[in-house]
Amino acid sequence: MKDSASIKKVLVTGSEGFIAKNLIQKLNEIGSYSIITFSKSQTIDELEQLVHDSDFIVHLAGENRPKNSQDFDINNIQLTKNICNLITAQDRDIPIVFSSSTQALSDTEYGKSKLKAEECITDMLKETDRSGAIFRLPGVFGKWCKPNYNSVVATFCFNIANDKEVFVSDPENKVTLCYIDDLVLDLIESIDQKDDG
């Protein structure tokens, strides 16, 4: 059993989401991490203490299908700014990994908000010489994906299994996919090695 002082405390934001559930499960299986979680039901005041208590942050929280487009600003940009400010306020390097999207290069409201969140992270890393990485994720699929929400693969599988129509809006559009377990292993490698990039 590891000495409790040597166990890395990892804060996972968006802890109730698809990627976070898979990451937390794997971190628990490995057993060398103390997992701190932050979800949308918690406040920024609570987040301040969680950042203070953490050794590493995996920032997975965000909005991709809001009822109100202002939620892109609140949950993608402002939350990321708050996390960056809280890291900067610490007298130590708390590395951060941020999950962005290949949509950051698109002209959609979601894409623009992810790009602005990326800029918050890169500005903070440059200005403070802290450690971090941004993962621009393509379509992630695997266990706990929600059909008609966060995965075309889950949607197709659900529709096929339930004798529903499978509809392709643009057959010329190529979709890049990433399996969740592969992503989780890459995230854990970043936690262990503190790779920048």
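Structural data are supplied above this passage.
Residues numbered from 1 in each chain as written. Predicted model: local features only at pLDDT ≥ 70, side-chain atom pairs only at ≥ 80, totals over all residues. Heavy atoms only, no water.

**Q** Which parts of the structure should I look at to understand the pairing of strand 3 (residues 56-59)?
**A** Residues in a regular strand point their side chains to alternate faces of the sheet. In strand 3, alternate side chains face the same way, and those of Phe56 and Val58 on one face and Ile57 and His59 on the other are all buried. As judged from the four bridges shared by strand 1 (residues 8-13) and strand 3, these two strands associate in the parallel manner. Bridge pairing in strand 3 places Leu11 opposite Ile57. Pairing geometry for strand 3 and strand 4 (residues 96-101), over three bridges, is parallel. When the bridges of strand 4 are listed, Val58 appears paired with Val97. Chirality of the crossover, the property in question, places the unit of strand 3, helix 3 (residues 70-88) and strand 4 among those that are right-handed. (Buried < 20%, exposed > 50% of the residue type's maximum accessible area, 1.4 Å probe, protein only. Helix = DSSP H or I, 4+ residues; strand = E, 2+ residues; numbered from the N terminus. Pairing = 2+ DSSP bridges. Right-handed = clockwise from strand over helix to strand, strands pointing away.)

**Q** What should I look at first to understand the nonpolar core in this one?
**A** Note on soluble globular proteins: their nonpolar side chains tend to be buried together. Judged by nonpolar contacts, the single largest core of 26 residues is most densely connected at Val10, Ile19, Leu23, Val58, Val140, Leu183 and Leu187. The contact partners of Val10, leaving out residues within four places of it in the chain, are Leu27, Tyr33, Ser34, Ile35, Ile36, Phe56, Val58 and Ile191. Ranked by size, the runner-up nonpolar core spans 22 residues in total, among them Phe38, Val51, Ile83 and Ile121. (Core = buried A, V, L, I, M, F, W, Y, C linked by side-chain atoms within 4.5 Å. Contact = heavy atoms within 4.5 Å.)

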